Amino acid sequence: MSKQHEIEHKSGFVSLIGRPNVGKSTLLNRVIGQKVAIMSDKPQTTRNKIQGVFTDSDAQVVFIDTPGIHKPKHKLGDFMMKVAKDTLKEVDIILYLVEANEAFGPGEQYIINRLKETSTPAFLIINKIDLVHPEELLGLIDSYRSKHDFQEIIPISALSGNNVPVLLEQIKSHLEVGPQYYPADQVTDHPERFIVAELIREKVLQLTREEIPHSIAVAIETMKKREHKDMVDIQATIIVERSSQKGIVIGKQGALLKEVGRLARADIEALLGSKVYLELWVKVEKDWRNKPAQLRDFGFRTDEY
Ligand SMILES: Nc1nc2c(ncn2[C@@H]2O[C@H](COP(=O)(O)OP(=O)(O)OP(=O)(O)O)[C@@H](O)[C@H]2O)c(=O)[nH]1
C-alpha cells in the first residue's frame, strides 16, 4: 500500500437506529453480505449490539446495529434504551432508518428528539422504497426535512439492494481519514458462538410465531471441531421462562424442535463452512433475564448496564 493510499484511507463507526421492524438487520446483512444479525418479521428481535464491518480498498465502516429505539415498557426495554442512547454518542454517523410506507408519527418524533440530544450527524435512510410509488416519497422526505436537519436523506431498499451502494458512498464521503480497525476478512466482531446462538433463536421465533415471546435465550454449551474431520459438534440449550413454553418449543413428538434444528443447522453450516452436528435441549428457567451472570453466558454485553 502506498503512503498516499494510507493517508487517504477512511474509517469510522456508524450506528443503525430506527423503530422495530424497519429493516436494520436486513440492511446490515446486505452491506456485510453475510447473515450476522437476527432477522424476523416480528418486532424487536435485535437485542444485542451487533457489529458488522464493511471493508473495501479505501475505507472501513464499522456498523453497529442497535435495538429498536422505543419508549421502554419493561426492564429489558430500559436496557435497550440505554444501549441505544450510549451508542449514539460513540459513533461518527447515525443512520436513522424509517419505512417509506409509514407516515411520520409520534414514534418518529420520539427518535428525532433523541437525535437532537446528540451532536452526531444523522442520515435519514428511507427504507422499503419498493413498497411505494416514487411520488409518495417526496411528501415523506419533506415532512422529515421539516423536523430535523439531516446531513443526507437517502431512499433505499435493503431487501433488493436498490441504492445501497449510494448510501455506502455517502457514508464514506462523510468519514474522516482513519485506520483499518479490523482485518479485511472480518465481518463481525462477535464470536461465532454468539452468531450460532442467534441463528437458533431466530428459528425458534420464526417457527413459534406469536406463541413464544422474545424472552427466550440460547446458550451454546459446547462447540467443537471433530479431529481430522470436517464436522463441528454443537450442543445448545434453548431457555424459556415457563414450562408451557417448553412444550411449545418441543412440539408434538419433538417435531418443532427438530425443525428448529434442521433449519438452524443449514444456516450454521453455511456460516462455518463445514458440516454440523447440532443437539438442542430446552430448559425452563424463571427470570433468567434478572440474573446478570447468566446474561453474560447468553452473549449479552453486561458491561453496558
Ligand atoms: N419490502 C421490503 N421489506 C423489507 C425491506 N427491508 C426489510 N424488509 C422486511 O422488513 C422486516 C423487518 O426487517 P428486519 O431487518 O428484521 O428489521 P429490524 O429493523 O432489524 O427489526 P428489529 O430487529 O425488530 O429492530 C423483514 O420481514 C424484512 O424482510 C425492504 O427494503 N423492502
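Residues numbered from 1 in each chain as written. Predicted model: local features only at pLDDT ≥ 70, side-chain atom pairs only at ≥ 80, totals over all residues. Heavy atoms only, no water.

An unreviewed UniProt entry lists the protein under the name GTPase Era, from Alkalicoccobacillus porphyridii. Under the Subunit (unreviewed entry) heading, UniProt states for the protein: "Monomer." UniProt, in the comment section headed Function (unreviewed entry), describes the protein in these words: "An essential GTPase that binds both GDP and GTP, with rapid nucleotide exchange. Plays a role in 16S rRNA processing and 30S ribosomal subunit biogenesis and possibly also in cell cycle regulation and energy metabolism." (UniProt positions renumbered as here; feature names shortened; annotations may be inferred.)

### Quick notes on the overall build of the protein
Looking only at helices and strands, the protein features ten helices and nine strands. The buried share of the protein, reckoned over its 305 residues, is 51%. Split by element, the accessible area of the protein, about 14800 Å² in all, is 50% carbon and sulfur. (Helix = DSSP H or I, 4+ residues; strand = E, 2+ residues; numbered from the N terminus. Buried < 20%, exposed > 50% of the residue type's maximum accessible area, 1.4 Å probe, protein only. Areas by Shrake-Rupley, 256 points an atom, 1.4 Å probe, with all protein chains shown as cover.)

### Quick word on the sheet that holds strand 9 (residues 275–284)
Read from one edge to the other, the open sheet built from three strands follows the order 7-8-9, with strand pairing classed as mixed. Two strands lie at the open edges of the sheet, namely strand 7 (217–225) and strand 9, each paired on one side alone. Looking at each pair of strands side by side, their axes are set apart by 15 degrees on average, direction ignored. By the bridge criterion, eight bridges tie strand 7 to strand 8 (residues 231–240) in an arrangement that is antiparallel. From the neighbouring strand, Ile-220 faces strand 8, where its bridge partner is Ala-236. Helix-sheet contacts for helix 7 (residues 192–208) involve strand 7, strand 8 and strand 9, and the interaxial angle to strand 7 is about 130 degrees. Contacts from helix 8 (residues 243–250) reach strand 8 and strand 9, with the element oriented near 155 degrees to strand 9. (Pairing = 2+ DSSP bridges. Axes fitted to C-alpha atoms, helices over the stretch in contact; angles between N-to-C directions. Contact = heavy atoms within 4.5 Å.)

### A look at the packing of helix 2 (residues 24–32) against helix 6 (residues 164–174)
In contact at an axis separation of 11 Å, helix 2 and helix 6 are set at 80 degrees when each is read in the N-to-C sense. Classified by the interaxial angle, the pair formed by helix 2 and helix 6 is roughly perpendicular. In this structure, helix 2 uses Leu-27, Arg-30 and Val-31 to contact helix 6, whose residues at the interface are Val-164, Leu-167 and Leu-168. In terms of residue class, the contact of helix 2 with helix 6 is built from five nonpolar, no polar and one charged. (Parallel < 35°, antiparallel > 145°, perpendicular 65-115°, else oblique. Nonpolar A, V, L, I, M, F, W, Y, C, P; charged D, E, K, R; others polar.)

### Regarding the side chain of Asn-127
Structurally, Asn-127 can be placed in strand 5 (residues 122–127). The exposure class of Asn-127 is buried, given its relative accessible area of 2%. Beyond its immediate sequence surroundings of up to four residues, Asn-127 is in contact with Val-22, Gly-23, Leu-97, Val-98, Glu-99, Ala-100, Ile-156, Ser-157 and Ala-158.

### What about the pattern of salt bridges?
According to the stated counting rule, one finds 14 salt bridges in the structure shown. Across the pair Glu-169 and Lys-172 runs a salt bridge, and its minimum N-O distance is 3.5 Å. Note that Glu-169 and Lys-172 are positioned in helix 6 at a spacing of three residues, about one turn of the helix. Of the residues examined, Lys-172 reaches a relative accessible area of 8% and is grouped as buried. A salt bridge links Glu-202 to Lys-203; its shortest N-O distance comes to 2.7 Å. Since its relative accessible area comes to 5%, Lys-203 is described here as buried. Overlapping salt bridges, with partners in common, bring together Asp-56, Asp-58, Glu-169 and Lys-172 in one network. (Salt bridge = Lys/Arg side-chain N within 4 Å of Asp/Glu carboxyl O.)

### Quick notes on the environment of Glu-108
Locating Glu-108 in the fold gives a position in helix 4 (residues 106–116). Since its relative accessible area comes to 5%, Glu-108 is described here as buried. Non-local contacts of Glu-108, meaning those with residues more than four positions away in its chain, are made with Arg-19, Tyr-96, Val-98, Ala-103 and Tyr-144.

### Topic: the environment of Ser-11
Relative to the helices and strands, Ser-11 is located in strand 1 (residues 10–18). Considered as a pair, Ser-11 and His-174 are 163 residues apart in the sequence and their alpha carbons are 9.6 Å apart. The contacts of Ser-11, once residues within four sequence positions are left out, are Gln-60, Leu-175, Glu-176, Gly-178, Pro-179 and Tyr-181.

### Description of the packing of aromatic side chains
Under the criterion given, the structure shown has three aromatic pairs. Centre to centre, the rings of Tyr-96 and Tyr-144 are 6.4 Å apart; their planes meet at 75 degrees, and the pair counts as edge-to-face. Highlighted residues: Tyr-96 in strand 4 (residues 93–99) and Tyr-144 in helix 5 (residues 134–145), separated in sequence by 48 residues. Each member of the pair, Tyr-96 as well as Tyr-144, carries the same accessibility label: buried. Each residue in the set Tyr-96, Phe-104, Tyr-144 and Phe-150 is aromatic and connected to the rest through ring pairs, giving one cluster. Lying over the aromatic face of Tyr-110, Arg-114 brings its terminal NZ or CZ to 4.5 Å of the ring centre. (Phe/Tyr/Trp six-rings, centres within 6.5 Å; stacked < 30°, edge-to-face > 60°. Lys NZ or Arg CZ within 6 Å of the ring centre and 35° of its normal.)

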